[in-house]
Amino acid sequence: MLSCRDSGIESAAAHDALSELCKTYWRPIFAYICRRGYSTEDAEDITQDFFGSLIQGPLLTRADPKRGRFRSLLLKALQDFIGHATEKLEARKRGGGVKFVSWDDWMAEAPSQLSISEQALNSWSPEQLFDLRWAATVVEQALRRLRDECESRRRLRLFETLSLYLTTERADVSYQNLATTLGITEARVKKQLHNLRRRYRWLICEEIAQTVADPNDVEGEIRHLCATLAAGTEAG
């Protein structure tokens with residue numbers, strides 16, 4: 001993803017990568033804009049315009065590469081863009097906008113499982129909500145990839161049963177009940193859950209690695225996003 005900034009939008013590969021970025025990470029952008037006080041309708045329009053500007057290329061090149069994380073680069077580009085949001089909205093309402101986002105398709109394809117706490121919704125800053133939605137997108141993307149892998153190996157039932165326990169403390173897992181549900185031994189359940197957890201963590205690391213310039217930043221980014229999720233989501 002960071003290569004999009006470095007190579008501009010000249011190559012088809014860079015264009016496709018940035019388009020995929022927009023499709024994946026639209027929720028943090030939309031959440032930030034809504035928290036800035038815009039109506040849902042206006043926030044949708046601004047998000048579309050922002051993505052259109054990203055695809056054209058100049059916004060990311062103006063972001064500070066020293067910040068290192070694509071999350072930070074994208075937020076800086078969005079903050080710069082918001083400064084001209086009002087005039088862009090007026091242009092769109094006069095018929096000057098081009099629809100870029102298919103909201104219904106995107107929401108149906110990748111529904112969010114995130115339940116934001118009342119405290120975060122009511123008191124968190126736009127930047128904090130952006131990070132929260134970003135963190136949720138990372139883990140949900142990793143979870144979707146894990147599900148697809150299990151489905152391709154005809155282990156979808158195993159995934160659907162064990163995925164609820166990927167981040168659960170071991171003491172809170174009833175291996176006996178899971179063994180009964182799946183019709184396998186407790187030892188087998190423990191092994192399968194261990195393997196899924198390990199693969200899930202790896203997929204999260206891979207998702208984050210695509211959004212940082214330095215591989216050494218992956219662990220720090222994971223800690224930040226996990227802390228954000230823990231603070232901003234409902235317990236359940």
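Caption draft 1: Layout of the packing of helix H6 (residues 70-82) against helix H10 (residues 126-152). H10 packs onto H6 with a crossing angle of 135° between their chain directions and a minimal axis gap of 11 Å. Here H6 is positioned oblique relative to H10, judged by the angle of their axes. H10 is crossed by H6, and the crossing has right-handed handedness. Here Phe70, Arg71, Leu74, Leu75, Leu78 and Gln79 of H6 come into contact with H10, specifically with Glu127, Phe130, Asp131 and Trp134.

Caption draft 2: Molecular detail of the environment of Leu132. Tracing the backbone through its elements, the reader meets Leu132 in helix H10. When the C-alpha atoms of Leu132 and Ile116 are compared, they prove to be 8.6 Å apart, with 16 residues separating the residues in sequence. Not counting residues up to four positions away in its chain, the partners in contact with Leu132 are Leu114, Ile116, Ala120, Trp124, Thr228, Leu229, Gly232 and Thr233.

Caption draft 3: Examining a positive patch on the surface more closely. Taken together, the side chains of Arg153, Arg155, Arg188 and Lys191 present a region of like positive charge at the surface. Look at Arg155 and you get partly exposed, because its relative accessible area is 39%.

Caption draft 4: The side chain of Thr137, seen in detail. Looking at the element boundaries, Thr137 is found in helix H10. Engagement of the side chain of Thr137 in a polar contact is seen with the backbone oxygen of Arg133, the distance being 2.8 Å. Beyond its immediate chain neighbours, meaning those up to four positions away, Thr137 contacts Thr24, Tyr25, Arg27 and Pro28.

Caption draft 5: Fine view of the packing of aromatic side chains. Tallied over the entire structure, the rule returns six aromatic pairs. Between Tyr25 and Trp134 the ring centres are 4.0 Å apart and the planes differ by 20°, which places this aromatic pair in the stacked class. With Tyr25 in the loop between helix H2 (12-24) and helix H3 (26-35) and Trp134 in helix H10, this residue pair connects regions lying 109 residues apart in the sequence. Under the relative-accessibility criterion, Tyr25 is labelled buried at 0%. Judged by centre distance (6.2 Å) and plane angle (40°), the ring pair of Phe50 and Phe51 falls under tilted.

Caption draft 6: Layout of the side chain of Thr161. Along the chain, Thr161 falls in helix H11 (residues 156-162). Under the relative-accessibility criterion, Thr161 is labelled buried at 15%. A polar atom in the side chain of Thr161 sits 2.9 Å from the backbone oxygen of Arg157. In contact with Thr161, other than residues within four places in its own chain, are Leu178, Thr181 and Leu182.

Caption draft 7: Summary view of the packing of helix H13 (residues 186-209) against helix H14 (residues 218-232). Following both chains from N to C, one finds H13 and H14 inclined at 110°, their axes separated by 10 Å at the closest point. Considered as vectors, H13 and H14 are oriented roughly perpendicular to each other. Between H13 and H14, the contacting residues are Cys205, Ile208 and Ala209 on the first element and Val218, Glu221, Ile222 and Leu225 on the second. Residues belonging to the contact of H13 with H14 are distributed by class as follows: six nonpolar, no polar and one charged.

Reading the values: the criteria
- Residues numbered from 1 in each chain as written.
- Predicted model: local features only at pLDDT ≥ 70, side-chain atom pairs only at ≥ 80, totals over all residues.
- Heavy atoms only, no water.
- Axes fitted to C-alpha atoms, helices over the stretch in contact; angles between N-to-C directions.
- Helix = DSSP H or I, 4+ residues; strand = E, 2+ residues; numbered from the N terminus.
- Parallel < 35°, antiparallel > 145°, perpendicular 65-115°, else oblique.
- Left-handed = near helix turned anticlockwise from the far one by under 90°.
- Contact = heavy atoms within 4.5 Å.
- Patch = residues over 30% accessible without salt bridge, like charges linked within 9 Å, V, L, I, M, F, W, Y side chains within 5 Å.
- Areas by Shrake-Rupley, 256 points an atom, 1.4 Å probe, with all protein chains shown as cover.
- Salt bridge = Lys/Arg side-chain N within 4 Å of Asp/Glu carboxyl O.
- Lys, Arg positive; Asp, Glu negative; His and termini not counted.
- Charge placed at Lys NZ, Arg CZ, Asp CG, Glu CD.
- Buried < 20%, exposed > 50% of the residue type's maximum accessible area, 1.4 Å probe, protein only.
- Polar contact = N/O pair within 3.5 Å; in protein donor to acceptor, adjacent residues only side chain to side chain.
- Phe/Tyr/Trp six-rings, centres within 6.5 Å; stacked < 30°, edge-to-face > 60°.
- Nonpolar A, V, L, I, M, F, W, Y, C, P; charged D, E, K, R; others polar.

Function cannot be inferred from these measures alone, as they are strictly geometric.
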